[in-house]
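Listed below, chain by chain, are the residues.
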Amino acid sequence: MLNFVIRRLGVMLLTALVLTFVVFFLTNLPPNLEKLARSEGSVRMTDAAVASWIEDHGHGGSVFYRYAEWLGVAPGWVLTDAKGVTRGLCIAQNQDPAAADHFCGILQGNWGFSTVFKKPVLASLGKSMAATGWLMLWVMVIMVPVALLIGVLAGMREGSRTDRVLSTFSIATSATPEYVSGVILVALFASPATGFSPIFANWGWLSGKTLFFGTATSAMDHITFWNFALPVATIALYGVGYIARMTRASMTEVMTQQYIRTARLKGVAFRDVVMRHALRNAMIAPFTVIMLQFPYLLNGVVITETLFNYKGFGWMLVTAAGNNDIEMLLGASVVAVIFVLATQLISDIGYVFLNPRIRLS
Amino acid sequence: MEMISWPMIFALMAKQFWPVWGALVVTYVLSIRFKRKLGLYGKLFDSPVGMIGFAIVMFWVFTAVFANVIMTFDPLAQLGSVKNPLPGTPVPAGTEGQYPWFLLGGDHLARDVFSRMVMGARQVLIIAPAATTFAFLVGITLGLPAGYLGGKLDTVLSFFANLVLAFPVILLFYLLVTPEIRNTGIPVVLAAILFLIPIGFFVVLFNSRFHTNPPKRNLYVGITLVLGLWAYSGLAFNSDPLGVWGMEPNLLNVFVSVVFVNAPTVFRIVRGIVMDIKSRDYVAAGQTRGEQAWYIMLWEILPNARGPLIVDYCLRIGYTTILLGTLGFFGLGVTPESPDWGSTINAGRKLLSLVPHPAVVPALALMSLVLGLNLLADGLREESMKD
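From a predicted model like this one, the values you see are computed outputs, not experimental measurements.

1. Re the overall build of chain B
Piece 1. Secondary structure summary: chain B contains 17 helices and zero strands in total.
Piece 2. Expected size for 387 residues packed as a compact globule is a radius of gyration near 21 Å; at 24 Å, chain B falls within 12% of this value.
Piece 3. The dimensions of chain B, computed from C-alpha atoms along their principal axes, are 80 × 55 × 40 Å.
Piece 4. Considering only contacts in chain B between residues 6 or more positions apart, those separated by 24 or more positions represent 71%.

If you want it as structure tokens, here you go:
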């Protein structure tokens, strides 16, 4: 077991290094750096000035060395310009160059400075991740029980009417990406012109104009049912279908096993068969699926936060990418990559714990 | 002229879609008539779910084919100066003989939403199946040897596949589908590598089968190479001497990214199936006969893996449609006036709570197409399991 975890962690570390290098390479391509130079320096810079700006700000030289610098395993660049002022990656403003550290990459906790938010990357990352954390928490709280319930009910009696109805529902939701369900939900529940809001307003049931809020910006300070339900529903809806179908498949497979038949034949009530014998065995596969669903959730979070203007991690990623905020984008990618790899690791280890038939040695 | 009511709008739309209804009826009559002779495709018509799914998919396919007849206006034409006219609004007087109504309203530039939806179907249904096919060819070509031969090759390929899979898709799109990256030539390099794999696939496919019969082998491999390299020069480098094959740079960028995201999943599926199948007796029989590894992979294992692969192919076209919509939603890699569904949703969402129709119409269209593909896959899975 320990060996397995260590080997898995090794592969994970390698993957993280390669992926962050790819992101570093793609964000630090010459055209992006030129754009950065023009937006940070001046728009009217000549090509020669742009080239020297890039050199002066430590973006010249080999991409591998710059990656090592950024990571914090190579000494940061130090340059002394014509006026005799020494600047460097690790030298803060007005700091004595001699007193500065040699290494300062993300490993030392220096994640850089965001050019869009005008704040250190780590500070804005923390705030936006907290916001997204709430969103993800509520999505999980809604999505997982609903999906498992649908899957178990559908898979309990394969081919029954309940199964048909619930399976069709889960196929329909997995065909509805977030940008579709979000648009439809807003049109139905948060538009003063269409859907249910005008009807309810006519009946005098509403104090405001719409039933739910079409944006979730106010949820940044204070989460309420009315400003958070639509974004949560948008993300949860797409995930429910997939997890429910996996649970159903797992459940139908378990229900055809010998021990279920034996239990039925010895006269155990159907409810007890499902609850005691089938359920526990049917939950192994969905666990993996739920863990592996997190990376897709990240996708949904980015779309939903953009759609509902909720300033979390996804919104920040889109803003950083759209505005060529290289260090912010790098920081966000590191978080995203670690997040995805961690869920994969947990799913692997959890699977072994849940399923005693798997031996790793 | 008066506004028209919703029942009237639906009736007029149904009338507008007449070539689609005709083609659907012909397809269904012929297919059900000859369903016993049509293999898995024919069996689809035994499953109600599969039939419904197939009908929805074919509806959009025929819509894409007959788009020029169905649409009521040029999808890029701006009709009048009223922003976001509601569904059923009369079109301001213009040229003689033009269609009198905005069937599903207009968008913020007073373009006809109905026509844009119809034209968007054509865009989606060209790119999504093509990109999925490429992803499948790449995934199969790499997944077969990884599963069959195993060893170091498998370790290396699986590592790279997992690498791509661990990449958050949106981040990858934001990094790969930007105007800046086109200047660096990275999409062309990726395309050059990815597009070479299908040619290799068909060359190996024919060579492994006919290498004992050189004239036949030379004919097939020759045809593959001529056609393949001709298309390759046009698609990857946009330098087809005859000008038949070609892709705009931003379309190539989108295409390559979508193939790149999908191929590793296909690779994993194929690898898993091959590892299951390679212990079967007919594989052992082939090995005993002294067949080459590629012959066994391509002509013994692959045909027997077709069931799950066809099902996944349908699902994956739907997933690719969703991915393309995501790209459009973030305004990546498409021209702003493009009528594809994703970017239309994106354009419509700014005034979503006031005038939902410009965004809701393409949203429902996209959803119905993906739903149709999912139902079709479900029907196929059910029928292929009955064998």
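2. Points about the overall build of chain A
Piece 1. A count of helices and strands for chain A gives 14 helices and four strands.
Piece 2. Here the C-alpha atoms of chain A give a radius of gyration of 26 Å, more than 25% beyond the 21 Å that 2.2 N^0.38 yields for 361 residues.
Piece 3. By the burial criterion, 40% of the 361 residues in chain A qualify as buried.

3. Digging into the interface of chain B and chain A
Piece 1. Across the contact, 37 residues belong to chain B and 43 residues belong to chain A.
Piece 2. Those elements that provide at least two residues to the side of chain B that touches chain A are helix 7 (151-165), helix 8 (169-176), helix 9 (179-184), helix 15 (306-329) and helix 17 (357-385) of chain B.
Piece 3. For the side of chain B that touches chain A, the element with the highest residue contribution is helix 17 of chain B, accounting for 10 residues.
Piece 4. Among the residues forming the side of chain B that touches chain A, the class breakdown is 26 nonpolar, eight polar and three charged.

4. Re the packing of helix 12 (residues 284-308) of chain A against helix 13 (residues 313-322) of chain A
Residue and element names in this part refer to chain A.
Piece 1. Where helix 12 contacts helix 13, the two axes come as close as 7 Å, and the packing angle between them is 80 degrees. In terms of axis orientation, helix 12 runs roughly perpendicular to helix 13. From helix 12, Val301, Val302, Glu305 and Thr306 reach across to helix 13, where they touch Phe313, Gly314, Trp315, Leu317 and Val318.

5. With respect to unusual backbone geometry
Residue and element names in this part refer to chain A.
Piece 1. At Lys118, a residue that is not glycine, the phi angle is positive and equals roughly 55 degrees.
Piece 2. Among the residues examined, Lys118 registers 8 C-beta atoms within 10 Å and is labelled exposed.
Piece 3. Phi at Asn324 takes a positive value of approximately 55 degrees, unusual for a residue other than glycine.

6. Details of the nonpolar core
Within soluble globular proteins, side chains that are nonpolar tend to cluster in buried spots.
Piece 1. Val183, Leu230 and Ala332 of chain A together with Val259, Leu327, Ala363 and Leu373 of chain B are the most contacted members of the largest nonpolar core, which totals 195 residues.
Piece 2. The element contributing the most residues to this core is helix 6 (residues 113-149) of chain B, with 21 residues.
Piece 3. Those residues in contact with Val183 of chain A, other than ones at most four positions away along the chain, are Ile345, Arg349, Leu352, Ala359, Val360 and Ala363 of chain B.
Piece 4. Residues Trp77, Leu89, Cys90 and Cys104 of chain A belong to the second largest nonpolar core, which totals five residues.

7. A look at the environment of Phe45 of chain B
Residue and element names in this part refer to chain B.
Piece 1. Mapped onto the elements of the fold, Phe45 is located in the loop between helix 3 (39-43) and helix 4 (48-65).
Piece 2. On the basis of neighbour counts, which here come to 20 C-beta atoms within 10 Å, the residue Phe45 falls in the buried class.
Piece 3. C-alpha of Phe45 to C-alpha of Asn238: the two residues are 193 residues apart in sequence and 42 Å apart in space.
Piece 4. Excluding anything up to four places from it in sequence, Phe45 contacts Ser31, Ile32, Lys35 and Met51.

8. Side note on the confidence of the model for chain B
The predicted coordinates ought not to be read in detail in places where the model reports low pLDDT.
All names here are of chain B.
Piece 1. Of the residues in chain B, 98% have a pLDDT of 70 or more, and the chain-wide mean is 86.
Piece 2. The secondary structure element of chain B with the lowest average pLDDT is helix 9, at 78, and the one with the highest is helix 4, at 92.
Piece 3. Of the two predicted TM-score estimates for the complex, the pTM is 0.88 and the ipTM is 0.85.

9. Considerations on helix 7 (residues 178-189) of chain A
Piece 1. With 12 residues, helix 7 of chain A should reach 16 Å at 1.5 Å per residue; the first-to-last C-alpha distance of 16 Å fits that figure.
Piece 2. Among the 12 residues that make up helix 7 of chain A, 11 are buried, leaving the element largely enclosed by the rest of the structure.
Piece 3. For helix 7 of chain A, the full list of buried residues reads Glu178, Tyr179, Val180, Ser181, Gly182, Val183, Ile184, Leu185, Val186, Ala187 and Phe189 of chain A.
Piece 4. Buried residues belonging to helix 7 of chain A abut helix 8 (197-202), helix 9 (225-255) and helix 12 of chain A together with helix 15, helix 16 (341-348) and helix 17 of chain B.

10. Some points on the packing of helix 6 of chain B against helix 12 (residues 249-277) of chain B
Residues and elements named next belong to chain B.
Piece 1. It is the contact of helix 6 with helix 12, at a shortest axis distance of 6 Å, that shows an interaxial angle of 40 degrees. Of the possible angle classes, the one that applies to helix 6 and helix 12 is oblique. Helix 6 and helix 12 meet at a crossing whose hand is right-handed.
Piece 2. Taken together, the residues that form the contact of helix 6 with helix 12 break down as 20 nonpolar, five polar and one charged.

11. Focus on the environment of Met275 of chain B
All names here are of chain B.
Piece 1. Along the chain, Met275 turns up in helix 12.
Piece 2. The class of Met275 is partly exposed, set by 15 C-beta atoms lying within 10 Å.
Piece 3. Through-space distance from the C-alpha of Met275 to that of Leu366 is 36 Å; in sequence the pair is 91 residues apart.

12. Thoughts on helix 14 (residues 293-304) of chain B
Piece 1. For helix 14 of chain B, with 12 residues, the first-to-last C-alpha span of 16 Å sits near the 16 Å given by 1.5 Å per residue.
Piece 2. Contact partners of the buried residues in helix 14 of chain B: helix 6, helix 10 (186-210), helix 12 and helix 13 (281-289) of chain B.

13. Side note on the environment of Leu166 of chain A
Residue and element names in this part refer to chain A.
Piece 1. Relative to the helices and strands, Leu166 is located in helix 6 (residues 161-174).
Piece 2. Owing to 21 C-beta atoms within 10 Å, Leu166 belongs among the buried residues under this scheme.
Piece 3. For the pair Leu166 and Glu253, spaced 87 residues apart in sequence, the C-alpha separation works out to 17 Å.
Piece 4. If sequence neighbours within four positions are ignored, Leu166 has contacts with Ile150, Leu153 and Ala154.

Here is what the cut-offs are and how they apply
Chains are numbered independently. Their residues run from 1 in the order of the written sequence. Think of it this way: whatever chain is written first is A, whatever ligand is written first is 1, and the rest follow in order. Local features in this predicted model are restricted to residues of pLDDT 70 or higher, and side-chain atom pairs are both shown and tallied only at a pLDDT of 80 or more, whereas totals for entire chains, interfaces and linings draw on every residue. Going along the chain from the N terminus, every DSSP run of H or I of four or more residues is numbered as a helix, and every run of E of two or more is numbered as a strand. For the radius of gyration, the atom set is restricted to C-alpha positions; the globular benchmark scales as 2.2 Å times the number of residues to the power 0.38. Two residues qualify as a contact pair if the distance between their C-beta atoms, derived from the backbone, is within 7 Å. We call a residue exposed when 12 or fewer other C-beta atoms sit within 10 Å of its C-beta, buried when the count reaches 20 or more, and partly exposed for counts in between; the C-beta positions come from the backbone. Each residue is assigned to one class: nonpolar for Ala, Val, Leu, Ile, Met, Phe, Trp, Tyr, Cys and Pro, charged for Asp, Glu, Lys and Arg, and polar for all the others, Gly among them. Lines are fitted to the C-alpha atoms to define the axes, a helix being fitted only along its stretch in contact, and any angle between axes, read from their N-to-C directions, falls within 0 to 180 degrees. The cut-offs work like this: below 35 degrees is roughly parallel, past 145 is roughly antiparallel, 65 to 115 is roughly perpendicular, and the gaps in between are oblique. A set of buried residues qualifies as a nonpolar core if it consists of Ala, Val, Leu, Ile, Met, Phe, Trp, Tyr and Cys joined through C-beta atoms within 7 Å. Each residue carries a pLDDT score, the predictor's own confidence in it, on a scale running from 0 to 100. To estimate how far a helix should reach, multiply one less than its number of residues by 1.5 Å. Left-handed is the label given to a crossing in which the near helix is rotated counterclockwise from the far helix by less than a right angle, and right-handed is the label when the rotation is clockwise.

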